[in-house]
Amino acid sequence: MREGSQEKQWRDRAAAVIPGGMYGHQSTRLLPEDYPQFFSRAKGARLWDADGRELIDLMCAYGPNLMGYGDAAIDGAFMAQLAVGDTMTGPSPLIVELAERLVGLVTHADWALFCKNGGDATQMALMIARAHTRRSTVIFAKGAYHGAHPWCPTRSAGVTPGDKAHQIFCDYNDVASLEAAVAKAGDDLAAIFATPLKHDAFVDQASAELNYARRARELCDATGALLVVDDVRAGLRIARDCSWSKLGVQPDLSSWGKCLANGHPISALLGSDKARRAASAIYATGSFWFQAAPMAAALETLNRVTGTDYLEHMERLGLALRTGLATRASAAGLGFRQTGPVTMPLFLFEDDPDLRLGFAWCSQMLARGVYTHPWHNMFLCAAMTPDDIEMTLDAAEDSFTAIKTGRRVLEPNAKMSFLLA
Ligand SMILES: *Cc1c(COP(=O)(O)O)cnc(C)c1O
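Keep in mind it's a predicted model, so treat the numbers as computed, not measured.

K.L.:
Can you explain the site of the ligand? Please cite residues and give values.
P.N.:
Near the ligand the following residues occur: N117, G118, G119, Y145, H146, G147, H199, D230, V232, R233 and K258. The side chain of N117 places a nitrogen or oxygen atom 3.4 Å from an oxygen atom of the ligand. In this structure, Y145 approaches the ligand through a main-chain N or O atom, which is 3.5 Å from a nitrogen atom. Surface burial for the ligand is 87%, taken as the share of its 380 Å² of free accessible area covered by protein chains.

K.L.:
Give me the packing of aromatic side chains: which residues, what numbers.
P.N.:
On inspection of all chains with the given rule, the structure shows 17 aromatic pairs. When the centroid spacing of 5.0 Å and the interplanar angle of 55 degrees are considered together, the rings of F140 and F193 count as tilted. In this pair, F140 sits in strand β5 (residues 137–141) while F193 sits in strand β7 (residues 189–194), placing the two residues 53 residues apart along the sequence. Considered together, F140 and F193 belong to a single accessibility category, that of buried residues. Ring geometry for Y172 against Y212: centres 5.1 Å apart, planes inclined by 40 degrees, an arrangement best described as tilted. With Y172 in the loop between β6 (167–170) and α5 (175–185) and Y212 in helix α6 (residues 210–223), the pair connects residues that are 40 residues apart, well separated along the chain.

K.L.:
Describe the sheet that holds strand β3 (residues 54–57), listing the residues and the values that go with them.
P.N.:
Taken in spatial order, the four strands of this open sheet run β1-β2-β3-β15, and their pairing is mixed. One side of each edge strand has no neighbouring strand; the edge strands of this open sheet are β1 (39–43) and β15 (370–371). With three bridges joining them, strand β2 (residues 46–49) and β3 adopt antiparallel strand pairing. For W48, the partnering residue across the bridge sits in β3 and is E54. Across the sheet, helix α11 (residues 386–406) is in contact with β2, β3 and β15; its angle to β3 comes to roughly 105 degrees.

K.L.:
How would you explain the pattern of salt bridges if you had to name every residue and give the values?
P.N.:
A side chain with one charge may pair with a side chain of the opposite charge, provided their charged atoms come close. Scanning all chains against the criterion turns up 23 salt bridges. Measuring nitrogen to oxygen at the nearest pair gives 4.0 Å for the salt bridge that ties E3 to K8. For E3, a relative accessible area of 65% corresponds to the exposed category. For D252, the salt bridge identified is with K274, shortest N-O distance 3.1 Å. Of this pair, D252 sits in the loop between β10 (226–230) and β11 (253–256) while K274 is found in the loop between β12 (267–271) and α7 (276–281), placing the two residues 22 residues apart along the sequence. With relative accessibility at 3%, the residue D252 sits in the buried group. Each member of the salt-bridge network shares a partner with another, and the members are R217, D221, D252 and K274.

K.L.:
Mind laying out the packing of helix α2 (residues 72–84) against helix α8 (residues 292–307), listing which residues take part and the relevant values?
P.N.:
α8 packs onto α2 with a crossing angle of 150 degrees between their chain directions and a minimal axis gap of 8 Å. Taken as axis vectors, α2 and α8 run roughly antiparallel relative to one another. Both α2 and α8 take part in a crossing whose hand is right-handed. Two secondary-structure elements touch here, α2 through A73, I74, A77, F78, Q81 and L82 and α8 through A292, A293, P294, A296, A297, E300, T301 and R304. Its residues assigned to classes, the contact of α2 with α8 comprises 10 nonpolar, two polar and two charged.

K.L.:
Can you explain the side chain of S363? Please cite residues and give values.
P.N.:
Mapped onto the elements of the fold, S363 is located in helix α10 (residues 356–367). The exposure class assigned to S363 is buried, which follows from its relative accessible area of 17%. Apart from residues lying up to four places away in sequence, S363 is in contact with P32, D34 and Y35.

K.L.:
Tell me about the environment of E350, and please be specific about residues and values.
P.N.:
Within the secondary structure, E350 sits in the loop between β14 (346–349) and α10. Among the residues examined, E350 registers a relative accessible area of 38% and is labelled partly exposed. A sequence separation of 16 residues divides E350 from L334, and the C-alpha atoms of the two residues are 7.6 Å apart. When residues no more than four places from it in sequence are discounted, the contact partners of E350 are G335, F336, R337, L357 and R407. Here the side chain of E350 touches R337 through a polar contact of 3.0 Å, side chain to side chain.

Criteria and thresholds
- Residues numbered from 1 in each chain as written.
- Predicted model: local features only at pLDDT ≥ 70, side-chain atom pairs only at ≥ 80, totals over all residues.
- Heavy atoms only, no water.
- Near = heavy atom within 4 Å.
- Polar contact = N/O pair within 3.5 Å; in protein donor to acceptor, adjacent residues only side chain to side chain.
- Areas by Shrake-Rupley, 256 points an atom, 1.4 Å probe, with all protein chains shown as cover.
- Phe/Tyr/Trp six-rings, centres within 6.5 Å; stacked < 30°, edge-to-face > 60°.
- Helix = DSSP H or I, 4+ residues; strand = E, 2+ residues; numbered from the N terminus.
- Buried < 20%, exposed > 50% of the residue type's maximum accessible area, 1.4 Å probe, protein only.
- Pairing = 2+ DSSP bridges.
- Contact = heavy atoms within 4.5 Å.
- Axes fitted to C-alpha atoms, helices over the stretch in contact; angles between N-to-C directions.
- Salt bridge = Lys/Arg side-chain N within 4 Å of Asp/Glu carboxyl O.
- Parallel < 35°, antiparallel > 145°, perpendicular 65-115°, else oblique.
- Left-handed = near helix turned anticlockwise from the far one by under 90°.
- Nonpolar A, V, L, I, M, F, W, Y, C, P; charged D, E, K, R; others polar.

Below is the structure:
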């Protein structure tokens with residue numbers, strides 16, 4: 001960090017008053033040293049760091065930015081509702097309108113519950129499945145992210161074995177291991193959770209295989225358990241419906257969040273009639289869950305989802321980015337893997353077990369004005385333009401050349417040494 005920079009000053013001040021200097025997924029602890037921790041501004045597809053450096057942002061706030069930062073119509077709807085009533089003694093009628101819109105959009109959904117974070121929605125899914133079945137055991141895929149609650153498979157500090165009780169893990173896309181997990185659950189299976197694709201950190205992404213999705217549905221039907229698709233991350237970036245609708249597989253519950261209101265705080269759990277009774281039986285709430293302004297923003301976001309070609313636009317740009325990067329990486333003689341949907345790319349280098357090449361390339365990209373991530377999937381947004389993709393490809397070409405030349409002198413990556421352990 002440059003002495004005297006705003007970034008350095010804010011980091012020093014944060015170190016005194018914020019444990020660890022920063023926390024959660026937005027901590028730069030596991031990013032290259034030169035990555036900024038603080039940002040001062042965002043507009044469209046661009047970010048400005050605390051020192052005023054402009055960046056093309058391929059992270060999109062880790063998902064919430066779908067239509068562009070500071071979108072005039074969406075933020076306008078938010079502010080108009082804020083001016084007339086947001087947090088009140090009861091909800092605005094907008095909650096009914098929004099539920100109706102989502103029920104109309106998402107094939108499996110007959111009802112909606114609203115909350116704030118994706119983790120609120122996945123937690124409600126867990127509770128509803130247990131209330132519906134009067135059973136406890138839940139199957140997750142190893143390495144899948146469903147939030148930061150103590151029952152979620154994250155770090156162990158502060159978590160008791162009880163928090164993690166009644167969980168069985170299988171391998172994503174592995175039908176035999178899913179069947180074995182169901183057999184192990186015996187007569188206690190409450191739910192099978194699935195992300196719409198394998199979008200785990202540090203590894204290549206993978207689409208859900210049709211036979212895996214279908215088998216999950218069949219096993220839930222056979223046992224009476226509920227099928228939960230956690231669409232918090234991929235929702236509205238693959239389909240204008242639950243992401244598994246493309247496979248023809250309908251879950252009983254789906255969780256939504258991140259981009260649902262283009263950055264405004266709202267998430268949702270959608271469910272089918274089968275789970276309606278259990279959904280009305282659980283106690284789940286929050287002081288801010290009924291805020292009207294984020295609901296107005298969500299309705300405006302959904303207007304864009306249904307009324308524009310935002311998704312096809314992102315897919316065209318994502319494809320141009322993918323093919324352009326592949327050409328440039330191979331011209332530089334580098335093995336560069338791009339996985340996942342083109343609207344949610346993840347980049348990993350061949351022969352790079354501690355991600356030293358990935359870190360070096362991302363640092364080079366950053367120096368050329370493009371924010372990429374070395375081990376997490378990224379996101380495109382609809383505010384991106386063909387020019388942004390061209391600029392990104394130009395930066396990538398130079399960055400490939402730079403790491404190719406400097407490859408032999410790259411130090412082991414201490415931040416990622418745990419990947420080798
Ligand atoms: C981000 C995410 C969550 C948690 O959402 P928060 O808003 O961070 O609580 C849950 N599931 C998936 C798949 C996610 O990507």
